[in-house]
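# Structural characterization, general
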Amino acid sequence: MTAILKKKTKQVASLYLSMSFIVILGIFTSVINTRLLGPQQYGDLKFIQTLFNFVIMFFTMGIFVTGSKMLAQKENEHRKKRLIGSLFIFSIIISIGLSFSFFVFSYFEEILFDNNLGFIIRLFSPLLFVFPFKICLENILQGDNRIYALSMFRLFPSVFYLIGALAINFLSPLSLKFSLLIEFTGGIVLLLLMVPRLQPDFSKYKTEIKRIWEENKNYGFQVYIGIIIGTASAQLGGLAIGYYIDNTNVGFFSLSLKITMPLTLISASIGNTYFKDFANLDAIPRKASIATLGISTIALAGCLILLKPVILFLYTEEYSSVIELAWFVSIGSVFHGFGDFVNRFLGAHGKGKEIRNGAIVTGIFNLFGYTFLIKYFGIQGAAITKMFSGIVYWVMMYFSYRTYLANKNYR
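A brief look at the structure comes next. Along each chain, residue indices are assigned from 1 in the same order as the chain's sequence is written. Totals for whole chains, interfaces and linings use all residues, but because this is a predicted model, local features are given only for residues with pLDDT of at least 70 and pairs of side-chain atoms are given and counted only at 80 or more. The basis for the side-chain values is all heavy atoms of the structure; hydrogens and waters are excluded.

## Regarding the pattern of salt bridges
Selection criterion: Here, a salt bridge means any side-chain nitrogen of Lys or Arg that lies within 4 Å of a carboxyl oxygen of Asp or Glu. Here a helix means four or more residues in a row that DSSP labels H or I, a strand means two or more in a row labelled E, and each is numbered from the N terminus. Partly exposed describes any residue whose relative accessible area lies between the buried limit of under 20% and the exposed limit of over 50%, with all areas from a 1.4 Å probe on protein chains only and scaled to the type maximum.
Within the structure shown, the criterion is met by four salt bridges. With a closest N to O distance of 3.0 Å, Glu215 and Lys69 form a salt bridge. Of the two residues, Glu215 is situated in helix 8 (residues 205-218) and Lys69 in helix 2 (residues 63-72); the sequence distance between them amounts to 146 residues. Accessibility expressed as a relative area gives 24% for Glu215, which makes it partly exposed. Salt-bridge contacts for Arg82 lead to Glu208; the nearest nitrogen and oxygen are separated by 3.7 Å. Taken as a pair, Arg82 in helix 3 (residues 77-113) and Glu208 in helix 8 lie far apart in primary sequence, 126 residues in all.

Put into structure tokens, the structure is as follows:
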């Protein structure tokens, strides 16, 4: 037990440090982007990224979440490789549909949002296969408990973008097109490095695809509905700001999310590390819960104290409106992290309906907040929505967990 605990501690530390380093790199990247692109182009960049992340949610159908769960259930090595190969086949199919849909949508995007970004979306639509494959790989690495590989997988794109942006700007001023080109190129390089290492086996793919699809009906699709309503509705914030206000404020709100992201990552890192073990545990280990609560509370206090001087130092007075937003968002981020931690336990036990129901409630709140609060209270309405959304999400996950324990003890 001591050896296992040490291993888990190292894995949690590795994943959280890498994710925190990603956020730190992301903050440095945002400093470079805000200074070199300016508020307007930076806002356009965040709007397009939000749009891509929002739409991809509708195409996954829960397949990759199902694959992660199946890998966590101690598949033998040969079947595991066939399972990975079949997940890649699903990625190809999803990529084709995603690219085609965005190409068609680009002709209507300018009418809806009046921002002249349709050509940019058409230009990069053939490269959108990067998104499904990255989601697929992340779920594979999590399900197979390859925590160190997952750490590097998440770290690489940030490092690549930072180096690429500085190199490009040395030769020519950084622009929206160059920023997206660097991002997609980093994703492609990452796929070329990671996919062969997983040694996918495409034999008997029809059998494996059928097995994944059947399992997906009971678990993954339920989570998918929750993702659509919960996670996708969270992406709605940036789109609603772009619709009701402008893309400059999309950049401000996105910046507040980025700065406070480490608060979410604490709990999520511990949950991801224990995901495979959760499948064989009757309850969440008490030590893991205490560590999550303690570290997150200390981190929140430090964040609230340091927000103002850090933002003014890194982004200058031009981005001072981010400070007030980040205060609200930081509280929501902590509670969302707590919810993700419990979510991993429920997911490992196949409680897809419970995850779905929690996401539905959270999603309804997001839909209301990002529609009406932004309309009537501006960007502050988005920050308030994010704060209460995190609290609602945690309450729903914790309630589902307590219900699971009560039912288990009753049986």
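Following the structure, the description resumes.
## Regarding the side chain of Ser86
Using the following cut-off: Contacts were defined at the residue level, with two residues in contact if any of their heavy atoms lie within 4.5 Å.
Positionally, Ser86 belongs in helix 3. Once residues lying within four places of it in the same chain are set aside, the contact partners of Ser86 are Tyr205, Glu208, Ile209 and Ile212.

## A word on the packing of aromatic side chains
The geometry of an aromatic ring pair is captured by the separation of the ring centres together with the interplanar angle, meaning the angle of the planes. Let me state the cut-off plainly: Centre distance within 6.5 Å is the pairing criterion for rings of Phe, Tyr and Trp, where only the six-membered ring of Trp is used; planes under 30 degrees apart are then read as stacked, over 60 as edge-to-face, and the remainder as tilted. Either the NZ atom of lysine or the CZ atom of arginine qualifies as a charge over a ring when it sits within 6 Å of the ring centre and within 35 degrees of the ring normal.
A complete count under the given rule lists 22 aromatic pairs for this structure. The interplanar angle of 75 degrees and the centroid separation of 6.4 Å between the aromatic rings of Phe253 and Tyr370 together place this pair among those described as edge-to-face. Note that Phe253 is positioned in helix 10 (residues 247-278) and Tyr370 in helix 13 (residues 352-377), a separation of 117 residues in sequence. Across the pair, exposure class does not vary: Phe253 and Tyr370 are buried alike. Joined through ring pairs, the aromatic side chains of Phe52, Phe102, Phe105, Phe124, Phe131 and Phe184 make up one cluster. Across from the ring centre of Tyr107, 4.3 Å away, lies the NZ or CZ of Arg122, which sits over that ring.

## Quick look at the environment of Leu127
Mapped onto the secondary structure, Leu127 falls in the loop between helix 4 (118-124) and helix 5 (130-143). Judged by its relative accessible area of 23%, Leu127 is partly exposed. Separated by 226 residues in sequence, Leu127 and Lys353 have C-alpha atoms that sit 33 Å apart. Residue contacts for Leu127: discarding those within four places in its chain leaves Phe184 and Ile188.

## Let's talk about helix 5
Quick note on the threshold: Here the expected span of a helix is defined as 1.5 Å times the quantity of residues minus one.
A rise of 1.5 Å per residue sets the reference length of helix 5, with its 14 residues, at 20 Å; its end C-alpha atoms lie 20 Å apart and thus fit the reference within 8%. For helix 5, a buried count of 11 out of 14 residues is recorded, marking the element as mostly surrounded by other parts of the structure. Listed as buried for helix 5 are Val130, Phe131, Pro132, Phe133, Cys136, Leu137, Asn139, Ile140, Leu141, Gln142 and Gly143. Remark: Asn145 follows helix 5 within two positions and exhibits a positive phi of approximately 60 degrees.

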